[in-house]
Number of protein chains: 2
Amino acid sequence: MSPAAAEPLTPERILETTEEVLRRFGPTKATVVDVARALGVSHGSVYRHFPSKAALREAVTDRWLAKSVVVLEEITSDPGASAESKLEAWLESLFAAKRHKAGDDPELFATYTVLLSEHSGVVDAHLTELTDQLSRIIAEGVAAGSLAAEDVPATARAVFHATGRFHDPQYAADWVSPTILTEFEAVTALLIRGLRA
Amino acid sequence: MSPAAAEPLTPERILETTEEVLRRFGPTKATVVDVARALGVSHGSVYRHFPSKAALREAVTDRWLAKSVVVLEEITSDPGASAESKLEAWLESLFAAKRHKAGDDPELFATYTVLLSEHSGVVDAHLTELTDQLSRIIAEGVAAGSLAAEDVPATARAVFHATGRFHDPQYAADWVSPTILTEFEAVTALLIRGLRA
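Residues numbered from 1 in each chain as written. Chains lettered and ligands numbered in written order. Predicted model: local features only at pLDDT ≥ 70, side-chain atom pairs only at ≥ 80, totals over all residues. Heavy atoms only, no water.

Notes on the pattern of salt bridges
Residue and element names in this part refer to chain A.
Now for step 1: Applying the stated rule across the entire model yields 23 salt bridges over all chains.
Now for step 2: Asp 34 serves as the salt-bridge partner of Arg 37, at 3.9 Å between the closest nitrogen and oxygen. Here Arg 37 pairs with Asp 34, and both are found in helix H3 (residues 32–39), just 3 residues apart, close to one helical turn.
Now for step 3: The partner of Glu 140 in a salt bridge is Lys 86, with the nearest N and O atoms 2.9 Å apart. Taken together, the residues span a long stretch of sequence, with Glu 140 in helix H8 (residues 121–144) and Lys 86 in helix H6 (residues 83–104) at a distance of 54 residues.
Now for step 4: Judged by relative accessible area, which is 36%, Glu 140 ranks as partly exposed.
Now for step 5: Since its relative accessible area comes to 2%, Lys 86 is described here as buried.
Now for step 6: The structure contains a network of salt bridges with shared partners spanning Glu 12, Glu 16, Glu 19, Arg 23, Arg 63, Lys 67 and Asp 105. (Salt bridge = Lys/Arg side-chain N within 4 Å of Asp/Glu carboxyl O. Helix = DSSP H or I, 4+ residues; strand = E, 2+ residues; numbered from the N terminus. Buried < 20%, exposed > 50% of the residue type's maximum accessible area, 1.4 Å probe, protein only.)

Okay, here's the thing in structure tokens:
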């Protein structure tokens, strides 16, 4: 038994190791056996926590996405900023996070992209969480009289769709373009102008 | 010699036949030999007009895209409509055309999508033509005092980018969603609001 196997096998330990395995082998090649081997346990022990490779892949993406939402949640719930400046900061922060993930963590980004194309429940929940944050910011601006929106959730989804070029992984190849930040600013400025009361 | 071969072999005849061949075999399987066989000529005769399979594929896409731009050009140059109503009609017409092409002409749509992913010159020219039309509409609104834009070409590109979900072939799978038209209207309304003087 390896020294690692002496520690209790928690879901958190399995997910940390899965992240490492995904980084080493990539999303298509990494297997549950690779994860079990890296942990020094049998693959049956891993399956007791995650019933399939798909479940494990979803859980690791969920954890990775949850970390990226923390900063966005801080911006959303900041009591000291106006809705307009929060909206701008939120969109900038989302784009920066996606850009860095695509560049610095390409294997987990690829895993996320695969799940996105499969319409996975984990990704759907992530996208709902993001548009819910946008809704809260817009509702705050409407309540303060600085923003206007007849249907707040629909407007939040419209802002999210209109900025897809700057967070949808399908566009990741464009994020290294020298004009991408100017393009982002032009779209954001137009949307904020459209939201002002 | 087949009866078809008796007619002069014009580029137009080659392109019409290539469209038919693409519809029958799809963009990956269709070859120049298939086109030549359908025309009843040698493949050398086709190569005299189009030096490679790639050149033929680009020319047929160019012709197909040019047809789709005619209606958009009519909207753009309509002297009787306001810039705002032209902008709305132009975005609706572009989305309708893409949706119908994806649904009714999937093989040529797939050819276009392949060229788009290859950053082909033909597709770049098509996208430039579309944003130029948007620029003309926005400039007209600015001149009339109904729209506001500091940098008209940059604003036209922003409108085009913000509506990518409704014309970028990467999203074709979403165009059959029951909520897609509502989503389109929400994004368009927000952008037009942002453009008003």
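Let's talk about the nonpolar core
Now for step 1: Formed by 108 residues in total, the largest nonpolar core has its most connected members in Trp90(A) and Trp90(B).
Now for step 2: If sequence neighbours within four positions are ignored, Trp90(B) has contacts with Leu72(B), Ile75(B), Thr76(B), Leu130(B), Gln133(B), Leu134(B), Ile137(B) and Phe160(B). (Core = buried A, V, L, I, M, F, W, Y, C linked by side-chain atoms within 4.5 Å. Contact = heavy atoms within 4.5 Å.)

Re the relation of the copies chain A and chain B
Now for step 1: Each copy superposes on the other: chain A lies on chain B with an RMSD of 0.0 Å after a rotation of 180 degrees and an axial shift of 0.0 Å. Both copies of the chain, as the preceding transformation shows, are related through a two-fold rotation axis. If distances are taken from each C-alpha of chain A to the rotation axis, the shortest is found for Gly194(A), at 1.7 Å.
Now for step 2: When the interface residues of chain A are mapped onto chain B, 100% of them again lie at the interface, so the same face is used by both copies. (Least-squares fit on C-alpha atoms with pLDDT ≥ 70 in both.)

Here we look at the interface of chain A and chain B
Now for step 1: Contacts between the two partners involve 19 residues from chain A and, on the opposite side, 19 residues from chain B.
Now for step 2: For the pair chain A and chain B, the summed buried surface comes to about 1,800 Å²; carbon and sulfur atoms form 60% of the total.
Now for step 3: Together, His161(A), Leu190(A) and Arg193(A) form the three largest contributors to the area buried by chain A at its contact with chain B, with a combined 32%.
Now for step 4: In this assembly, chain A and chain B are joined by 0 salt bridges.
Now for step 5: Secondary structure elements with two or more residues in the side of chain A that touches chain B: helix H9 (152–162) and helix H10 (180–195) of chain A.
Now for step 6: It is H10(A) that contributes the most residues to the side of chain A that touches chain B, 8 residues altogether. (Buried area = accessible area lost by both parts, 1.4 Å probe.)

Focus: the environment of Arg24(B)
Now for step 1: Within the secondary structure, Arg24(B) is located in helix H2 (residues 11–25).
Now for step 2: In sequence terms Arg24(B) and Glu107(B) are 83 residues apart; their C-alpha atoms lie 8.2 Å from each other.

Quick word on the UniProt feature "DNA-binding region" (unreviewed entry) in chain A
Now for step 1: Residues annotated by UniProt as "DNA-binding region" (unreviewed entry) correspond here to residues 31–50 of chain A.
Now for step 2: As annotated, residues 31–50 of chain A comprises 75% helix and 0% strand, and the C-alpha atoms at either end are separated by 13 Å. (UniProt positions renumbered as here; feature names shortened; annotations may be inferred.)

Re the UniProt feature "domain: HTH tetR-type" (unreviewed entry) in chain A
Now for step 1: Under the local residue numbering, the UniProt record ascribes the feature "domain: HTH tetR-type" (unreviewed entry) to residues 8–68 of chain A.
Now for step 2: Here residues 8–68 of chain A runs as 75% helix and 0% strand, with 27 Å between its end C-alpha atoms.

Overview of H3(A)
Every α-helical turn comprises 3.6 residues, leaving residues that sit three or four positions apart pointing alike.
Now for step 1: Within H3(A), burial applies to Val32(A), Asp34(A), Val35(A), Ala36(A) and Leu39(A).
Now for step 2: Following H3(A) by one or two positions, Gly40(A) has its phi on the positive side, about 70 degrees.

Overview of the packing of aromatic side chains
All names here are of chain A.
Now for step 1: Throughout the structure, instances matching the rule amount to 11 aromatic pairs over all chains.
Now for step 2: Between Phe 95 and Trp 175, the aromatic rings sit 6.0 Å apart at their centres with planes inclined by 80 degrees, giving edge-to-face as the arrangement. Of this pair, Phe 95 sits in helix H6 while Trp 175 is found in the loop between H9 and H10, placing the two residues 80 residues apart along the sequence.
Now for step 3: Relative accessible area serves as the criterion here: at 1%, Phe 95 is assigned to the buried category.
Now for step 4: By way of ring pairs, the aromatic residues Phe 95, Phe 109, Phe 166, Trp 175 and Phe 184 are connected into one cluster. (Phe/Tyr/Trp six-rings, centres within 6.5 Å; stacked < 30°, edge-to-face > 60°.)

Thoughts on the side chain of Asp105(A)
All names here are of chain A.
Now for step 1: Counting through the fold element by element, Asp 105 comes out in the loop between H6 and helix H7 (106–117).
Now for step 2: A relative accessible area of 12% means that Asp 105 is categorised as buried.
Now for step 3: Discounting residues that sit within four places of it in the chain, Asp 105 has contacts with Arg 23, Trp 64 and His 100.

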